Amino acid sequence: MNIIENLSLLADAINKSESILLVGHINPDGDSIGSLTGMKGYLSTLGKSVCAAVPNNYPQFLEFLDPEKEILMYSETPDKVREKADSSHLIICMDFNSLKRIDNLGEVIGNSKARKILVDHHPGHDNIFDIVYSYPQLSSTCELAYWIIKGLMQIYGNALPHNSAVALYTGMMTDTNNFTNSVLPSTFMMAGELMEAGVDKEWVQKMVFGGYSESRMRLMGHMLSTNMKILPQFNAAIMILTKEMKEKFNFEDGDSEGFVNLALNIRSVRISALFTESDDFIRVSLRSKDDFSVNRLSRAHFNGGGHERAAGGRLFIPVEEVEEYFSKSLEEFMEKEK
């Protein structure tokens, strides 16, 4: 299967680069870490010096993809990441389309003189990239990375390492919510080929979905039984994760992964929202089913965007005002969409 165009441009950039930096987005999820480690593993077989960096820590249940703790975190080692950005010949930005999605690391990447390549499946992108591989029609950046690597394998002849195969499968699986969202025939082709290459899907599922802490499971139960509110007039559901709740349940980065999808299992719910309070802002996660565009909703009211059925953003209001703001935003948005 050959769905990626102009791979000769990427191959030429790789050939001219001895040092390559891969960059992922803030609050990295499975698709971010999977695409970073998957691409890192393959590019390393070409004899390149490859490093991966993210703005902050990734969820604990993804540690099996980075067993040697090789992914650098800008929040912990800013000088080291800055040095890598300044010394690299090539920077490949994966699973994000704007430097705003990597917070303070964005200025570092923007100031680097390295050539910059985008590998992403979100619509739209900044104009700072020298080469762009943007395929919003694909399920995940891991799927995009897989087809890119398949094309590079035809050019270089190097095989895909097993750890890269596992990483790419993991990211695709998590970003599709275990083959529920944004799945295309090419997604199943990728999954089948990776399984034929030796990926144990049951083991991956156990590592991802069976790797949560007790406190995370209790938090999820609390969010569903006590925190979730249904707004029947909008066919919507809302959950708000406050700093107080985070402290009560010993919250760790990634503990709320997947929470926003839970309410969509309710027959009447078409829109699900999770608002997570932090020191500086409220993180917004939106999901939908049927034909409701949370991408347009997020762009209009939540300082963000994303896919039609999965989007995110930020709010800069007191957490006590979030529910009312969400309701008013839905009312205004739906009135304009009529």
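Residues numbered from 1 in each chain as written. Predicted model: local features only at pLDDT ≥ 70, side-chain atom pairs only at ≥ 80, totals over all residues. Heavy atoms only, no water.

A.B. asks: Got a minute to help me understand the nonpolar core in this structure?
C.D. replies: Nonpolar side chains tend toward joint burial in soluble globular proteins. Judged by nonpolar contacts, the single largest core of 55 residues is most densely connected at Leu22, Leu43, Tyr133 and Ile148. Apart from residues no more than four positions distant in its own chain, leucine 22 is found in contact with Leu36, Met39, Lys40, Leu43, Val50, Cys51, Ala52, Ala53, Ile92 and Met94. Ile271, Val294, Leu315 and Phe326 belong to the second largest nonpolar core, which has 22 residues in total. (Core = buried A, V, L, I, M, F, W, Y, C linked by side-chain atoms within 4.5 Å. Buried < 20%, exposed > 50% of the residue type's maximum accessible area, 1.4 Å probe, protein only. Contact = heavy atoms within 4.5 Å.)

A.B. asks: Whenever I open this one, the packing of aromatic side chains confuses me. Can you help?
C.D. replies: Geometry of an aromatic ring pair is reported as the spacing of the ring centres plus the angle between the planes. In total, this model carries 11 aromatic pairs according to the counting rule given. On the basis of an interplanar angle of 70° and a centroid distance of 5.0 Å, the ring pair of tyrosine 146 and tryptophan 147 is categorised as edge-to-face. Judged on exposure class, the residue tyrosine 146 and its partner tryptophan 147 are both buried. Summarising the aromatic geometry, the rings of tyrosine 169 and phenylalanine 179 are spaced 6.3 Å apart at their centres and angled 55° between planes, so their arrangement reads as tilted. Residue tyrosine 169 is located in helix α6 (residues 162–175), and its partner phenylalanine 179 is located in the loop between α6 and α7 (185–196); the two are separated by 10 residues in the primary sequence. By relative accessible area, phenylalanine 179 is classed as partly exposed at 24%. (Phe/Tyr/Trp six-rings, centres within 6.5 Å; stacked < 30°, edge-to-face > 60°. Helix = DSSP H or I, 4+ residues; strand = E, 2+ residues; numbered from the N terminus.)

A.B. asks: What am I meant to see in helix α9 (residues 214–227) here?
C.D. replies: Since the α-helix turns once every 3.6 residues, residues separated by three or four places project in the same direction. Its 14 residues place the ends of α9 18 Å apart at the C-alpha level, agreeing with the 20 Å of an ideal helix rising 1.5 Å per residue. Turning to α9, the residues buried within the fold contact β7 (229–231), β8 (236–241), α10 (243–248), α11 (259–262) and β9 (271–277). (Expected span 1.5 Å × (residues − 1).)

A.B. asks: What is the right way to look at the pattern of salt bridges in this model?
C.D. replies: Opposite charge on two side chains lets them pair, provided their charged atoms get close. Considering all chains together, one arrives at 17 salt bridges under this definition. Residue glutamate 214 is joined to arginine 218 by a salt bridge in which the shortest nitrogen-to-oxygen separation is 2.9 Å. Of this pair, glutamate 214 and arginine 218 both sit in helix α9, 4 residues apart, roughly one helical turn. The class of glutamate 214 is exposed, set by a relative accessible area of 55%. Close ionic contact of aspartate 279 with lysine 243 constitutes a salt bridge, the shortest N to O distance being 3.3 Å. With aspartate 279 in the loop between β9 and β10 (282–288) and lysine 243 in helix α10, this residue pair connects regions lying 36 residues apart in the sequence. Residue class for aspartate 279 comes out exposed when judged on its relative accessible area of 67%. Residue lysine 243 is classed as partly exposed on the basis of its relative accessible area, which comes to 36%. (Salt bridge = Lys/Arg side-chain N within 4 Å of Asp/Glu carboxyl O.)

A.B. asks: Is there a simple way to think about the packing of helix α2 (residues 30–44) against α6 in this case?
C.D. replies: In a pair of packed helices, the angle between the axes and the distance between the axes together describe the arrangement. One way to put it is that α2 packs onto α6 with a least axis distance of 7 Å and a crossing angle of 160°. The angle between α2 and α6 places the two elements in the roughly antiparallel class. The two elements α2 and α6 cross, and the hand of that crossing is left-handed. Across the interface between the two elements, Gly30, Asp31, Gly34, Ser35, Thr37, Gly38, Gly41 and Tyr42 of α2 pack against Ser164, Ala167, Leu168, Gly171, Thr174 and Asp175 of α6. Classifying every residue of the contact of α2 with α6 gives 3 nonpolar, 9 polar and 2 charged. (Axes fitted to C-alpha atoms, helices over the stretch in contact; angles between N-to-C directions. Parallel < 35°, antiparallel > 145°, perpendicular 65-115°, else oblique. Left-handed = near helix turned anticlockwise from the far one by under 90°. Nonpolar A, V, L, I, M, F, W, Y, C, P; charged D, E, K, R; others polar.)

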